Amino acid sequence: QVQLVESGGGLVQAGGSLRLSCAASGRTFSSYYMGWFRQAPGKEREFVATITPNGGTTLYADSVKGRFTVSRDNAKNTVYLQMNSLKPEDTAVYYCAAGWGFRTMVEDYTTWGQGTQVTVSS
């Protein structure tokens, strides 16, 4: 079982960039599929991106494709989300999650971080 801690959120102007990090504890991080999700006020938690254990394959929500990049460094037990060309509609709490499959549904992930707030001003 891993524990996850996100960081890197903040306030940014539209068009700007942020890089989120998710640090994992535990020796099995490199075995997990990792996902990023987000939840805006009054909305359901939604899929953003996922990455395979070896980092070789990624998948993105249509809303972020071409702007966001997920990556991981298994030596550092960390997964990243580079967010470019940010829009006000990207404002949300961003969560990283660990799971056992290349999936996009919340219920497919077993371990979650506490979340980090991203606010994009217009």
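The rules behind the values
- Residues numbered from 1 in each chain as written.
- Predicted model: local features only at pLDDT ≥ 70, side-chain atom pairs only at ≥ 80, totals over all residues.
- Heavy atoms only, no water.
- Helix = DSSP H or I, 4+ residues; strand = E, 2+ residues; numbered from the N terminus.
- Polar contact = N/O pair within 3.5 Å; in protein donor to acceptor, adjacent residues only side chain to side chain.
- Phe/Tyr/Trp six-rings, centres within 6.5 Å; stacked < 30°, edge-to-face > 60°.
- Buried < 20%, exposed > 50% of the residue type's maximum accessible area, 1.4 Å probe, protein only.
- Lys NZ or Arg CZ within 6 Å of the ring centre and 35° of its normal.

**Brief notes about the environment of Tyr60**
Link 1 in the chain: On the secondary structure map, Tyr60 appears in strand β6 (residues 58-60).
Link 2 in the chain: A distance of 2.9 Å separates a polar atom in the side chain of Tyr60 from the backbone nitrogen of Val70.

**A look at the packing of aromatic side chains**
Link 1 in the chain: Under the definition given, this model contains 7 aromatic pairs.
Link 2 in the chain: Taking 5.2 Å as the distance between ring centres and 75° as the angle between the ring planes, the aromatic pair formed by Phe37 and Tyr109 counts as edge-to-face. Here Tyr109 lies in strand β10 (residues 109-112) and Phe37 lies in strand β4 (residues 33-39), a separation of 72 residues in the sequence. For the pair Phe37 and Tyr109, a shared accessibility class is recorded, and that class is buried.
Link 3 in the chain: The structure contains a cluster of three or more aromatic residues connected by ring pairs, namely Phe37, Phe47, Tyr95, Tyr109 and Trp112.
Link 4 in the chain: The residue whose ring lies beneath Arg45 is Tyr95, and the NZ or CZ to ring-centre distance is 3.7 Å.
Link 5 in the chain: Note that Arg45 overlies the ring of Trp112, its terminal NZ or CZ placed 4.9 Å from the centroid.

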